[in-house]
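Working through the structure, step by step
Okay, here's what each chain looks like letter by letter:
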Amino acid sequence: MASNEGFLTDGQREMLKIASQNAENLSSSPKSPSSLLSDHHIKAPAGGKAQTAGIAVRHVRRSHSGKYGRAKKDGAGGKGTWGKLMDTDVDSHIDRNDPNYDSGEEPYQLVGSTVTDPLDEFKKAVVSLIEEYFSNGDVDLAASDLRELGSSEYYPYFIKRLVSMAMDRHDKEKEMASVLLSALYADVISPTQIRDGFFMLIESADDLAVDILDAVDILALFLARAVVDDILPPAFLARARKALPESSKGVQVIQTAEKSYLSAPHHAELVERRWGGSTHITVEEVKKKIADLLREYVDSGETLEACRCIRELGVSFFHHEVVKKAMVLAMEIPSAEPLLLKLLKEAAEEGLVSSSQMVKGFSRLAEGLDDLALDIPSAKVLFQSFVPKAISEGWLDASFTNPAGEDGDYQVEDEKVRKYKKEVVTIIHEYFHSDDIPELIRSLEDLGVPEYNSIFLKKLITLAMDRKNREKEMASVLLSALHIEIFSTEDIVNGFVLLLENAEDTTLDILDASKELALFLARAVIDDVLAPLNLEEIGSRLPPKGSGSETVRMARTLIAARHAGERLLRCWGGGTGWAVEDAKDKIMKLLEEYESGGVVSEACQCIRDLGMPFFNHEVVKKALVMAMEKKNDRMLDLLQECFSEGLITINQMTKGFTRINDGLDDLALDIPNAKEKFAFYVEYAQTKGWLLPSFDSSASDV
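So, here is what we can say about the structure in this document. Just so you know, these numbers come straight off a predicted model, no measurement behind them.

1. Some remarks on the overall build of the chain
Of the regular secondary structure elements, the chain holds 37 helices and 0 strands. Looking at the chain as a whole, 41% of its 702 residues are labelled buried. Within the chain, contacts between residues at least 6 apart in sequence are counted, and of these 73% link residues at least 24 apart. Carbon and sulfur atoms make up 50% of the accessible area of the chain, which amounts to about 38,900 Å² in all.

2. Brief notes about the pattern of salt bridges
Overall, the coordinates contain 23 salt bridges when judged by the stated rule. Arg-523 serves as the salt-bridge partner of Glu-473, at 3.0 Å between the closest nitrogen and oxygen. Of this pair, Glu-473 sits in helix H23 (residues 469-485) while Arg-523 is found in helix H26 (residues 513-526), placing the two residues 50 residues apart along the sequence. The pair formed by Glu-473 and Arg-523 is uniform in burial state, with each residue classed as buried. Linking Arg-608 and Glu-645 is a salt bridge whose minimum nitrogen-to-oxygen distance equals 2.6 Å. A residue pair is termed long-range when its members are at least 10 positions apart, and Arg-608 in helix H31 (residues 600-610) and Glu-645 in helix H33 (residues 634-645) qualify at 37 residues. Its relative accessible area of 39% is what places Arg-608 among the partly exposed residues. Members of the salt-bridge network, linked through shared partners, are Glu-305, Arg-308 and Glu-312.

3. Points about the packing of helix H3 (residues 118-136) against helix H4 (residues 139-149)
At a minimum axis separation of 9 Å, H3 and H4 run at an interaxial angle of 170°. One finds that H3 runs roughly antiparallel with respect to H4. Contacts between H3 and H4 involve Phe-122, Ala-125, Val-126, Leu-129, Glu-132, Tyr-133 and Asn-136 on the former and, on the latter, Val-139, Leu-141, Ala-142, Asp-145, Leu-146 and Leu-149. Across the contact of H3 with H4, the residue classes break down as 10 nonpolar, 1 polar and 2 charged.

4. Let's talk about the nonpolar core
Ranked by internal contacts, the top residues of the largest apolar core, which has 62 residues, are Leu-146, Phe-158, Met-167, Ile-189, Phe-198, Phe-222 and Leu-223. Counting residues per element, this core draws most heavily on helix H9 (residues 215-228), which supplies 12 residues. The next biggest cluster of nonpolar side chains, apart from the first, holds 55 residues, and it includes Ile-461, Leu-521, Ala-524 and Val-525.

5. Regarding the packing of aromatic side chains
Applying the stated criterion to the full structure yields 15 aromatic pairs. With centroids separated by 5.9 Å and ring planes inclined at 45°, the aromatic side chains of Phe-362 and Phe-383 adopt a geometry described as tilted. Taken together, the residues Phe-362 in helix H17 (residues 355-367) and Phe-383 in helix H19 (residues 379-393) connect sequence positions 21 residues apart. Each member of the pair, Phe-362 as well as Phe-383, carries the same accessibility label: buried. A centroid spacing of 6.1 Å and a plane angle of 55° characterise the contact between Phe-362 and Trp-395, whose relative ring orientation is tilted. With a gap of 33 residues between them, Phe-362 in helix H17 and Trp-395 in the loop between H19 and helix H20 (415-434) connect regions that are remote in the sequence. Each member of the pair Phe-362 and Trp-395 is classed as buried. Each residue in the set Phe-657, Phe-678, Phe-680, Tyr-681, Tyr-684 and Trp-690 is aromatic and connected to the rest through ring pairs, giving one cluster. Seen from the ring of Tyr-594, Arg-634 lies directly overhead, with NZ or CZ sitting 4.2 Å from the centre.

6. Details of H4
Residue pairs three or four apart in sequence face the same way in an α-helix, which turns once every 3.6 residues. For H4, the set of buried residues is Ala-142, Ala-143 and Leu-146. Buried residues of H4, viewed axially, fall in a sector of 100°; they line one side. Counted as exposed and oriented over 90 degrees from the buried face of H4: Asp-140 and Glu-148. If you follow the buried residues of H4, they end up packed against H3, helix H5 (155-167) and helix H6 (171-184). One side-chain oxygen at the N-terminal end of H4 lies 3.2 Å from the backbone nitrogen of Asp-140; it belongs to Asp-138.

How each quantity is defined
- Residues numbered from 1 in each chain as written.
- Predicted model: local features only at pLDDT ≥ 70, side-chain atom pairs only at ≥ 80, totals over all residues.
- Heavy atoms only, no water.
- Helix = DSSP H or I, 4+ residues; strand = E, 2+ residues; numbered from the N terminus.
- Buried < 20%, exposed > 50% of the residue type's maximum accessible area, 1.4 Å probe, protein only.
- Contact = heavy atoms within 4.5 Å.
- Areas by Shrake-Rupley, 256 points an atom, 1.4 Å probe, with all protein chains shown as cover.
- Salt bridge = Lys/Arg side-chain N within 4 Å of Asp/Glu carboxyl O.
- Axes fitted to C-alpha atoms, helices over the stretch in contact; angles between N-to-C directions.
- Parallel < 35°, antiparallel > 145°, perpendicular 65-115°, else oblique.
- Nonpolar A, V, L, I, M, F, W, Y, C, P; charged D, E, K, R; others polar.
- Core = buried A, V, L, I, M, F, W, Y, C linked by side-chain atoms within 4.5 Å.
- Phe/Tyr/Trp six-rings, centres within 6.5 Å; stacked < 30°, edge-to-face > 60°.
- Lys NZ or Arg CZ within 6 Å of the ring centre and 35° of its normal.
- Arc of directions from axis to C-beta.
- Polar contact = N/O pair within 3.5 Å; in protein donor to acceptor, adjacent residues only side chain to side chain.

Right, here's the structure in full:
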């Protein structure tokens, strides 16, 4: 008989049989029958091994029903198990009338909380800010409110909202939006944010066109206005077009701006006046409206209607003109005097004309009494009667100081100065008409009073500020020419000091006087008429907290800005035809043509055709540099011919040589023998009589 090794005993067989039966009963259990074998510890007989050996589990969890119930996840259990801790077979119900009721047992209810988006809050805030600005027209208040909002990273959204709201309103609001953007530029909103804001607008042109029928044309005009106002560079249009789909209305906006507005003749003036200049009205227009309404009032005698018309002008800061014009008209028409003084009294009592404006009006009239007396001999006597009457009736502040002396005689300006002022006004007007700088210089030399040069500068800029950009550009160009020919740096400095000392009065007559004075000052530095240190000198001679000092600070900011040179050279839009940078390019081209075999007479004609005799020092400088680079002294023949013909004056020659001398160290880095060459040119020029004797000291340092 074979060995018993590997066989089960009878007892073991019986146990296996019971286990098999149980496995059949638990066929629905997750465990397989074979796994149940491990629930019993089966011992192999001595000396042998069990073929179905397993690991026994000491404690087997079974329900009393004999079913195997596996516990569920989280301990809730399955059928036949106890379930989760504290689980009950019935649904729990809290009875609030139960004496043992505890409110803490109530189930928690999650209440949703809205998370605020800072951008949404900013957008809501700027809507009310813009509405308020459209209502009161206060640029300074709008700028202050925008600063207080903070969130400067969202300023492009402000630009988009401002323009889109204005697009759906009248021309007045459109003009106000453009004026506000110009005022905020650089001071509050950076140039990059301006560009981003306008790009967002152009991108949304398709959506805007759904609500606003002529959205493309209006947005194109806003875009053109931003370029004209120098808050967007012209290159922005080309870059923006590349970033937009060709089929989008944004591309149509850019095309319309370029073709319909920016390419038109006199486009700057056209664009600025497109919306009627509701908030950018010129001083002359305001003065005309004031004169018209006063004459209508004299005819009708309706005080309330006249006050309403004054209010509708919307120029409360210019009401001093109403005061002045009303008194002049009262002097011209004696029968209308009671009526006009009644109007001023009513306007003061209503608060329509403020106390400060009333005093300014009287002060301005007092200052011009000498000139007024030429047309109205009784002007001084009449004015002396107006002042005590106004003070006694309470519509002129008693603090108004009588500009007359104790004897009642108004101080008369020095007769020589008065005569000079009248003559230079005529000279300046002729220059604005003819654009003839040499003729103006000859006229000033004929007057023979160089000690009044600073007065001329003040008068020149004051007259230009009240005119168009063309005249402003002509004034800046003339300053460059005068500085080279007959004005010293001291004359220029003294002239600007005179201007800035009276900046507050100038602001009363010219709306943007402070900004424009800063541009004239900064432009003078860019044109080398003034050195940056001269700004420090000018500022030191002005009251530290006055309007003049603020203008000097503004000029420094303009000069320190990125690309300041290019921007300031074009600040008036190149009113005389083209900018200095264009002149430099043309000079370089004509010299290159001459150097490559051109004829002297043709080169001289080209220089003459430039029409910028005040800038001929650039011809001298570039000709000398080219002679050094090409090692060709042919340029000296051209300079000799220009000097012989009187095309380039001795002052221009000296200025050109001086500019080379000032930059000689830098020039020597590119042209090693520059100093030796320049020394030779100086000696040659002196023998030919090109240079002023005063150049000797500067040349000797070479």
